[in-house]
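# Descriptive analysis of the structure
Okay, here's what each chain looks like letter by letter:
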Amino acid sequence: MDTYDIGRGRGGKKNALDSVLVPAMVLGIDSDVLYPLKDQEDLVELFPNGELRIINSDAGYDGFLFDQTLVANYTSEFLNSHD
């Protein structure tokens, strides 16, 4: 996970993600140190139709496991707004 780069061989991250024409939702967890929220904020800016949702949790990377209802709500809202 530390060596994957979506932009490698594709002209950089911006160039690679510019071609994603469908809406994309990025979930970030405010206490995640493996995938810091700043990285998610930067990532969502690279999608032409990106939307960021934030999970506030003290559980770090595993925050999405502890609040599955919130994840489900974010996902449902996102899908319902792009039908």
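Relative to the assigned elements, Asp-32 resides in the loop between strand 1 (24–29) and helix 2 (37–46). Here the side chain of Asp-32 touches Tyr-35 through a polar contact of 2.9 Å, landing on its backbone nitrogen. Apart from residues lying up to four places away in sequence, Asp-32 is in contact with Leu-37, Gly-60 and Tyr-61.

Nonpolar side chains in soluble globular proteins tend to end up buried together. Counting residues in hydrophobic clusters, the biggest one holds six residues: Leu-17, Ala-24, Val-26, Val-44, Leu-46 and Phe-47. Listed by contribution, the elements that provide at least two residues to this core are strand 1 and helix 2. Beyond its immediate chain neighbours, meaning those up to four positions away, Val-44 contacts Val-26, Gly-50, Glu-51 and Leu-52.

This brings us to helix 4 (residues 68–80). Since the α-helix turns once every 3.6 residues, residues separated by three or four places project in the same direction. Counted at 1.5 Å a residue, the expected span for helix 4 with its 13 residues is 18 Å, and the 18 Å between its end C-alpha atoms agrees. Taken together, the buried positions of helix 4 are occupied by Val-71, Tyr-74 and Phe-78. Projection of helix 4 onto a plane perpendicular to its axis shows the buried side chains occupying an angular sector of 65°, all on one side. Residues Gln-68, Thr-69, Leu-79 and Asn-80 are exposed on helix 4 and point more than 90 degrees away from its buried face. Tucked inside the fold, the buried residues of helix 4 contact strand 1, strand 2 (50–55) and helix 3 (63–66).

To continue, consider helix 2. Taken together, the buried positions of helix 2 are occupied by Leu-37, Gln-40, Val-44 and Leu-46. One face of helix 2 carries all of its buried residues, which in axial projection span an arc of 165°. In helix 2, those exposed residues whose orientation departs by more than 90 degrees from the buried face are Lys-38 and Glu-45. For helix 2, the secondary structure elements touched by its buried residues are helix 1 (13–18), strand 1 and strand 2.

Taken as a whole, this structure holds three salt bridges when the rule is applied. Here Asp-42 and Lys-38 are joined by a salt bridge, their closest N and O atoms 2.7 Å apart. In this pair, Asp-42 and Lys-38 are both assigned in helix 2, four residues apart and thus about one turn of the helix distant. We note a salt bridge from Arg-53 to Glu-51, for which the minimum N-O separation is 3.1 Å.

What counts and how
- Residues numbered from 1 in each chain as written.
- Predicted model: local features only at pLDDT ≥ 70, side-chain atom pairs only at ≥ 80, totals over all residues.
- Heavy atoms only, no water.
- Helix = DSSP H or I, 4+ residues; strand = E, 2+ residues; numbered from the N terminus.
- Polar contact = N/O pair within 3.5 Å; in protein donor to acceptor, adjacent residues only side chain to side chain.
- Contact = heavy atoms within 4.5 Å.
- Core = buried A, V, L, I, M, F, W, Y, C linked by side-chain atoms within 4.5 Å.
- Buried < 20%, exposed > 50% of the residue type's maximum accessible area, 1.4 Å probe, protein only.
- Expected span 1.5 Å × (residues − 1).
- Arc of directions from axis to C-beta.
- Salt bridge = Lys/Arg side-chain N within 4 Å of Asp/Glu carboxyl O.

Without other data, these values stay purely geometric and don't point to any function.
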